[in-house]
Structures are given as structure tokens and as C-alpha cells.
Amino acid sequence: MTETTNPDPRTLSFSQANGYEDLPQPLALEEVSYDARRKLWDLLWLSAWEHDWDDWATDYWPNVFQTLHLEFMKEPLDEFDADADVIRKIYRPLILSDLSFHILFDLWQMIMRHRRCPKTFVSTTAAIFEECRLAYVVDTTGPPTILPAATPQEGEALIAALRNLKDGGYLGAETHLREAGTQINAGEWAESVRESIHAVESVARVLDPQDTNTLDDALKSLEKQIRIHPALKGAFSRLYGYTSDETGIRHSLLEDDTSPVGRDEAVFMLGACASFVTYLLSKRRAGVSP
């Protein structure tokens, strides 16, 4: 369920602030409003077309669009036309209306990850997502990645977890957690749940490398060594049992059409696992060594 949060009064129109129009509501996953699409297009337009496209030596946007021509549009190099007006006519309708949400995000990630994309483009994209109340955040702890977050709080928790994992050197867990979000965007719900639980397993096994063949083993040991609250340990053990037994998650060969794992379960597990790894790392930083 998407949590309703009150928008910043400074972002409201007079009509909204005084009850003449409905307040903007957070969007659900897989929803991208026209307002968000328009702001993204405006960002690209203002970023790219304010430069001198005739000088490829100093301007990076022709290089960005050449990459998009090859890797996103899958067109031959000799058909690339570097004329700014031609490129505008191609990408404007795609961004404003034609692309489905996940293909739009594929395009935007490709732009943000281009070696010559300016950092301000990425930070402004993140601000647009927040302003338009999309159920997604832009993670910059690694290559810029659009990740699902049904509420702003979930987004903050996920970004914090990724940052803590990277700063602590838990690169395997960081990769699993980011991949869990990517799999949600791709509609691979069971794979996302699998990656989320792998992130917790990875952290637990690093914190306690002795006799931890499963996450449940690690949690039992960690409960004694870094004093995990028994209720939390029990709750996560049950979640682990769910992922071990549920069709198509831990036992992919048994996957069939009756598996109830869907987007809601995948989003829940992503948020739960992000919060739990942050909790484990916080306990470790508190000075209790395994």
C-alpha cells in the first residue's frame, strides 16, 4: 500500500493550498505522470540543446545521443544523424508519451550512466522524481540506478542501506540489494525476493563467518554475538523460511504459475531486507564485535 504523505506547502498552488483543488498524491509503482515525463523532457532539452552541437570536441551531448542511437535504438552507426532538430523529433514523443515506464527508465539510466553525462543531470533527475512523487528513487552509490520505493520512507531506507553497505565494504550485499530493485522494475518478482535475501545472507556471513551454512545459522549466532533482539531474529527467520519454501524463490526448479509471489511481496522484501542490513551494520558499528 502506498502511504499518503503531505506535500511541502511551498510546492502547492494557491488552489491546492486553499482546498479548491485536490492535493497531489504519491504515484504507485509503474506509474509515471505526464507532468514527470514533461519535466524529464525539459531537463534533457535544456541540458542538451543549450550547447554548441557543431563542436563535438567540446560538447558531450552528441556523443551521448550517438550511444543511444547504437545501444538504445539499436540502429547502425552510419544512420546516425547528429543534427539536433532530428534528434529532438525522435526523442521528444518517446519521452513524453510513447515509451512504457520501464523502457523510459532504461533510456534514462543509459543517459545517466554515460561517461560524459554531467552529475547535475543525475541530481536534477532525482529531484524531479521526488517533486513529482514517483514511487522510485535514483541511487547514486554506484552507477546511477532507478529503484522502486513505494513511499519516501522506503526510498530513504533503501538508499541508506546501499550507502552503508558500500562504505562498509560489503560490496556483494550492495550488489544483491541493488539487483533486487532492478528485478522489480523488470517484473521478475521471485528473482527480486531471492536477491533481497541474498543481501542479508551476505552481510550475516561476513559478520559471522563461522559455521553459517544458511542465513538461519548466521542469525542464531549473531543473536548471541551482537545481541539481535530475539523478536527481530525470529521475524527474519520466519521470512527466511518463507523464501526457502515458497515456490520459485529458493527452489527455482519448482517454479510454476501457482506461486503467489508478486510485486507487493517483492517490494516488501526489498524494504525489509534493506532495513535489516542497516540494523545489522548499526549494531556492528556500536562496538559489539562478532
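Our subject is the structure that appears above.
## Things to note about the overall build of the chain
1) Next: Each helix and strand counted, the chain has twelve helices and two strands in total.
2) Next: Of the regular secondary structure in the chain, the N- to C-terminal order runs α-α-α-α-α-α-β-β-α-α-α-α-α-α.
3) Next: Within the chain, buried positions represent 46% of all 290 residues.
4) Next: If you take every contact in the chain between residues at least 6 apart in sequence, the share linking residues at least 24 apart comes to 59%.

## Quick word on the pairing of strand 1 (residues 136-139)
1) Next: On strand 1, burial covers both faces: Tyr136 and Val138 on one face and Val137 and Asp139 on the other are all buried.
2) Next: Sheet topology note: the strand 1/strand 2 (residues 145-148) ladder contains four bridges and is antiparallel. Of the residues in strand 2, the one forming a bridge with tyrosine 136 is proline 148.
3) Next: Between strand 1 and strand 2, which pair antiparallel one after the other, the connecting turn spans five residues.

## Details of the pattern of salt bridges
1) Next: Tallying each qualifying case throughout the model produces eight salt bridges.
2) Next: Taking the shortest distance from any N to any O, the salt bridge between arginine 38 and aspartate 35 comes out at 2.7 Å. Taken as a pair, arginine 38 and aspartate 35 lie in helix 2 (residues 34-48) at a separation of three residues, close to a single helical turn.
3) Next: Given a relative accessible area of 31%, arginine 38 falls into the partly exposed group.

## Observations regarding the packing of helix 7 (residues 152-167) against helix 12 (residues 263-285)
1) Next: Direction vectors running N to C along helix 7 and helix 12 enclose 45 degrees, while the axes themselves pass 9 Å from each other. Here helix 7 is positioned oblique relative to helix 12, judged by the angle of their axes. Crossing handedness for the pair helix 7 and helix 12: left-handed. Of helix 12, the residues touching helix 7 (which contributes Glu154, Ala157, Leu158, Ala160, Ala161, Asn164 and Leu165) are Val267, Leu270, Ala274, Ser275, Val277, Thr278, Leu281 and Arg285.
2) Next: Looking at side-chain class alone, the contact of helix 7 with helix 12 contains ten nonpolar, three polar and two charged residues.

## Observations concerning helix 8 (residues 171-185)
1) Next: For helix 8, spanning 15 residues, the distance from its first C-alpha to its last is 21 Å, which sits close to the expected 21 Å at 1.5 Å a residue.
2) Next: Buried residues of helix 8: Ala173, Glu174, Leu177, Arg178, Ala180, Gly181, Gln183, Ile184 and Asn185, and no others.
3) Next: The inward-facing, buried residues of helix 8 contact helix 5 (101-113), strand 1, strand 2, helix 7, helix 9 (189-207) and helix 12.

## Examining the packing of aromatic side chains
1) Next: Following the criterion strictly, the structure yields eleven aromatic pairs and no others.
2) Next: With a centroid separation of 5.7 Å and 35 degrees between ring planes, the pair formed by phenylalanine 105 and phenylalanine 129 is classed as tilted. With a gap of 24 residues between them, phenylalanine 105 in helix 5 and phenylalanine 129 in helix 6 (residues 119-131) connect regions that are remote in the sequence. Accessibility assignment for this pair places phenylalanine 105 and phenylalanine 129 in one class, buried.
3) Next: With 4.9 Å between their ring centres and 75 degrees between their planes, phenylalanine 105 and tyrosine 136 make a pair best called edge-to-face. A residue pair is termed long-range when its members are at least 10 positions apart, and phenylalanine 105 in helix 5 and tyrosine 136 in strand 1 qualify at 31 residues. Considered together, phenylalanine 105 and tyrosine 136 belong to a single accessibility category, that of buried residues.
4) Next: Every member of this aromatic cluster is reached through a ring pair, and the members are Tyr60, Trp61, Phe65, Tyr91, Trp108 and Phe121.

Cut-offs and rules
Every chain's residues receive numbers from 1 upward, in the order its sequence appears when written. In view of the model being predicted, local features appear only for residues whose pLDDT reaches at least 70, and side-chain atom pairs are presented and counted only at 80 or more, with totals across whole chains, interfaces and linings using the full set of residues. The side-chain quantities take in all heavy atoms of the structure and omit both hydrogens and water. In this description a helix means any DSSP run of H or I spanning at least four residues, a strand means any run of E spanning at least two, and both kinds are numbered starting from the N terminus. Each residue is assigned to one of three classes by its accessible area relative to the maximum for its type, calculated with a 1.4 Å probe on protein chains only: buried under 20%, partly exposed between the two thresholds, exposed over 50%. Every residue pair with non-hydrogen atoms within 4.5 Å of one another is taken to be in contact. In this analysis, strands are considered paired if DSSP registers two or more bridges between them. The working definition used for a salt bridge is a side-chain nitrogen of Lys or Arg within 4 Å of a carboxyl oxygen of Asp or Glu. Angular values range over 0 to 180 degrees, each being the angle between N-to-C directions of two axes fitted as lines to C-alpha atoms, with helices fitted over their stretch in contact. Put simply, angles under 35 degrees are roughly parallel, angles over 145 are roughly antiparallel, angles from 65 to 115 are roughly perpendicular, and the rest are oblique. Less than a right angle of anticlockwise turn of the near helix away from the far helix marks a crossing as left-handed, whereas a clockwise turn marks it as right-handed. Under the grouping applied here, Gly and all other residues not named as nonpolar or charged are polar, the nonpolar ones being Ala, Val, Leu, Ile, Met, Phe, Trp, Tyr, Cys and Pro and the charged ones Asp, Glu, Lys and Arg. Take the residue count of a helix, subtract one, and multiply by 1.5 Å to get its expected span. Any two rings among Phe, Tyr and Trp, with Trp reduced to its six-membered ring, count as a pair given centres within 6.5 Å; such a pair is stacked if its planes are under 30 degrees apart, edge-to-face if over 60, and tilted if neither.

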